[in-house]
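So you can see what is in the structure, the chains are spelled out below.
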Amino acid sequence: MSAASPKFPTKQPAIRRVMMPRDTNAVGTIFGGTILAEIDLAAATEAHRYHPGLILTVAMDEIEFKQPVFVGDLVSFFCECTRVGKTSITVRVEVWAQRAKDRSLRSFVTEASATMVAVGA
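Residues numbered from 1 in each chain as written. Predicted model: local features only at pLDDT ≥ 70, side-chain atom pairs only at ≥ 80, totals over all residues. Heavy atoms only, no water.

For the rest of this paragraph, the subject is the pairing of strand S3 (residues 74-84). Successive side chains on a regular strand alternate, one facing one side of the sheet and the next facing the other. The pairing of strand S1 (residues 15-18) with S3 spans four bridges and is classified as antiparallel. Looking at the pairing, Val18 lines up with Leu74 of S3. In this structure, S3 lies alongside strand S4 (residues 88-98), joined through 10 bridges in antiparallel fashion. Bridge pairing in S4 links Ser76 to Trp96. The turn joining S3 and S4, which pair antiparallel and follow one another in sequence, is formed by three residues. (Pairing = 2+ DSSP bridges. Helix = DSSP H or I, 4+ residues; strand = E, 2+ residues; numbered from the N terminus.)

Put into structure tokens, the structure is as follows:
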């Protein structure tokens, strides 16, 4: 994980999603588990660019949430494949929130590295 907050990526995100009230926890912010699930989906989307068959997530590195995500925020998941092995693929995912009240405000939420493995024939 990088120490300094990265710059907002210029490439297209693997996934973009508006956060809804059903995604909130008891204090009114988006569940961390919701963000983790989307990281997993984004990493799988990127991994499928390199392997068309069945893949599963075997590991995700430590995740530290830097900023909260709120209802109405547009959350983007940017991916980069960092390693392609014989049976595994590692994907780095950066998560950014564009604030509902002002889409020009972008907050770096978190980042993760997911390791995906091919299964089956």
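Having seen it, we continue.
This model, assessed by the stated rule, comprises zero disulfides. For Cys79, which is in no disulfide, the shortest distance to another cysteine sulfur is to Cys81 and amounts to 9.8 Å. On the basis of relative accessible area, Cys81 is assigned to the buried category, the value being 16%. (Disulfide = S-S within 2.5 Å. Buried < 20%, exposed > 50% of the residue type's maximum accessible area, 1.4 Å probe, protein only.)

Turning next to the sheet that holds S4. Strand order across the open sheet formed by five strands is S1-S3-S4-S5-S2, with antiparallel pairing between neighbours. If you trace the sheet from one side to the other, it starts and ends with S1 and strand S2 (55-60), each paired once. Within the sheet, the average angular offset between the axes of one strand and its neighbour, ignoring direction, is 30 degrees. Strand direction decides the pairing type here: S2 and strand S5 (residues 106-118), joined by five bridges, are antiparallel. The partner of Met60 across the bridge, within S5, is Ala114. (Axes fitted to C-alpha atoms, helices over the stretch in contact; angles between N-to-C directions.)

Along the polypeptide, Glu94 turns up in strand S4. Glu94 sits in the buried class, given a relative accessible area of 8%. Within polar-contact distance, the side chain of Glu94 engages the side chain of Trp96 at 3.0 Å. The residues contacting Glu94, other than those within four sequence positions of it, are Pro6, Lys7, Pro9, Ser76, Phe77, Phe78, Phe108, Thr110 and Glu111. (Polar contact = N/O pair within 3.5 Å; in protein donor to acceptor, adjacent residues only side chain to side chain. Contact = heavy atoms within 4.5 Å.)

Here we come to the pattern of salt bridges. Should their charged atoms come close, side chains of opposite charge can pair. In the structure shown here, the tally under the stated rule is seven salt bridges. Glu64 is paired through a salt bridge with Lys66; the nearest N and O atoms lie 3.6 Å apart. Lys66 sits in the partly exposed class, given a relative accessible area of 38%. (Salt bridge = Lys/Arg side-chain N within 4 Å of Asp/Glu carboxyl O.)

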